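Understanding the architecture of this molecule
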Amino acid sequence: MNIKAYQQINEKLQAQNVKLIAISKTKPVSDIKTLYDLGHRAFGENRAKELQSKAQTLPNDIEWHMVGHMQSNKVKHVAPFVKLIHSVDSYSLLQEINKRANQNKRTIDVLLQMHIAEESSKYGFNSNEIHDMLSTEKIETLQNIRIVGLMGMATFTDDEAQIRKEFQHLHSIFTTLKSSFLKDEDNFKELSIGMSGDYEIAITEGATMVRIGSLLFGARS
Ligand SMILES: *Cc1c(COP(=O)(O)O)cnc(C)c1O
């Protein structure tokens, strides 16, 4: 745990109106509780089962963010309470989230994950896929989800210019979608970009939320 880093990062982000999602994957609930006791409430995990079991043992005013790739059969574990799913990367996942939200008599907020990195391993839509998906009528039949923005992960590199270019690309997709398909969507306003290594670049490129793990909790083994 690095409480000093938390306080510094949090202060910097608050001054910029950027929300900090503390990514606690693989870390014990005691670490989460430490930040909770300092007043932090937004935590993120990348596996549904781990998120579910941590949520069960921690105070219920924590808002839980799902940031990792999700298989459809895992949605049910988090559907009753999850605050935001950042990592929606297919229409079928969106359908499943809608179905589970409906069963729980709620609406679930989601971000669409865009593939902006050079690595082929990172999940997400490309611009053509997102346009195709949003231009079909069927998306409007999903009454229990709200698409509130986009998420992306930059290439893992030291090349700042490269990272900046990828975040700018995502921001331009966001602007295009907002002015076309989602122009009546007041809720479409979030850009989830930036992690421990590149959050400062993300802030200057329009992040509204950053997902930071290792700077706060230490390296993962
Ligand atoms: C693990 C993870 C993070 C946080 O990564 P750090 O480099 O430890 O800050 C952010 N986003 C996603 C999707 C992650 O899986």
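Residues numbered from 1 in each chain as written. Predicted model: local features only at pLDDT ≥ 70, side-chain atom pairs only at ≥ 80, totals over all residues. Heavy atoms only, no water.

This next bit is on the overall build of the protein chain. Assigned secondary structure in the protein chain consists of nine helices and eight strands. By the compact-globule yardstick of 17 Å for 221 residues, the protein chain fits well, its C-alpha radius of gyration being 17 Å. The 221 residues of the protein chain split such that 51% are buried. Long-range contacts, defined as pairs at least 24 residues apart, comprise 59% of the intrachain contacts of the protein chain with a sequence gap of at least 6. As displayed, the protein chain offers around 10,800 Å² of accessible surface, 45% of which is attributable to carbon and sulfur atoms. Between the centroid of the 27 positive side chains of the protein chain and the centroid of its 27 negative side chains there is a distance of 7 Å. (Helix = DSSP H or I, 4+ residues; strand = E, 2+ residues; numbered from the N terminus. Rg over C-alpha atoms; globule rule 2.2 N^0.38 Å. Buried < 20%, exposed > 50% of the residue type's maximum accessible area, 1.4 Å probe, protein only. Contact = heavy atoms within 4.5 Å. Areas by Shrake-Rupley, 256 points an atom, 1.4 Å probe, with all protein chains shown as cover. Lys, Arg positive; Asp, Glu negative; His and termini not counted. Charge placed at Lys NZ, Arg CZ, Asp CG, Glu CD.)

With that settled, the discussion passes to the pairing of strand 4 (residues 84-88). By the criterion of burial, strand 4 is predominantly enclosed, with five of the five residues buried. Where strand 3 (residues 63-66) lies against strand 4, two bridges are found, and the strand directions are parallel. Bridge pairing in strand 4 places H65 opposite L84. As defined by bridge partners, strand 4 adjoins strand 5 (residues 108-114) across three bridges and the pair is classed as parallel. If you follow L84 over to strand 5, its bridge partner there is D109. Handedness of the crossover joining strand 4 and strand 5 through helix 5 (residues 91-103) is recorded here as right-handed. (Pairing = 2+ DSSP bridges. Right-handed = clockwise from strand over helix to strand, strands pointing away.)

Our focus in this paragraph is helix 3 (residues 48-57). Inspection of helix 3 places A48, E50, L51, Q52, K54 and A55 among the buried residues, and these make up the whole buried set. Contact partners of the buried residues in helix 3: helix 2 (29-37), strand 2 (42-45), strand 3 and helix 4 (75-78).

Mapped onto the elements, P59 comes out in the loop between helix 3 and strand 3. For the pair P59 and I21, spaced 38 residues apart in the sequence, the C-alpha separation amounts to 17 Å. Sequence-distant contacts of P59, defined by excluding residues within four places in its chain, comprise K33 and Y36.

Following the sequence through the fold, M195 ends up in the loop between strand 7 (190-192) and helix 8 (199-204). When its relative accessible area of 33% is taken as the criterion, M195 is described as partly exposed. When the C-alpha positions of M195 and I23 are compared, they lie 9.2 Å apart, and in sequence the two are 172 residues distant.

Attention now goes to the site of the ligand. In the vicinity of the ligand, the contacting residues are I23, K25, V67, M153, M195, S196, R211, I212, G213, S214 and R220. Contact between the ligand and G213: an oxygen atom at 2.8 Å from a main-chain N or O atom of the residue. Contact with the protein chains covers 91% of the free accessible surface of the ligand, which is 380 Å². Residues of the shell around the ligand, tallied by class, amount to five nonpolar, three polar and three charged. (Near = heavy atom within 4 Å. Polar contact = N/O pair within 3.5 Å; in protein donor to acceptor, adjacent residues only side chain to side chain. Nonpolar A, V, L, I, M, F, W, Y, C, P; charged D, E, K, R; others polar.)

The next thing to look at is the pattern of salt bridges. Taken as a whole and assessed by the stated rule, the structure comprises 10 salt bridges. Close ionic contact of D37 with K33 constitutes a salt bridge, the shortest N to O distance being 3.2 Å. With a gap of four residues between them, D37 and K33 both fall in helix 2, about one helical turn apart. Of the charged contacts, one joins R100 and E96 as a salt bridge, the two residues approaching to 2.8 Å between their closest N and O atoms. Linking R100 with E96, this pair stays in helix 5, spanning four residues, or about one helical turn. Pair check on accessibility: R100 and E96 agree, each one buried. A network of salt bridges, in which partner residues are shared, links E45, E50 and K54. (Salt bridge = Lys/Arg side-chain N within 4 Å of Asp/Glu carboxyl O.)

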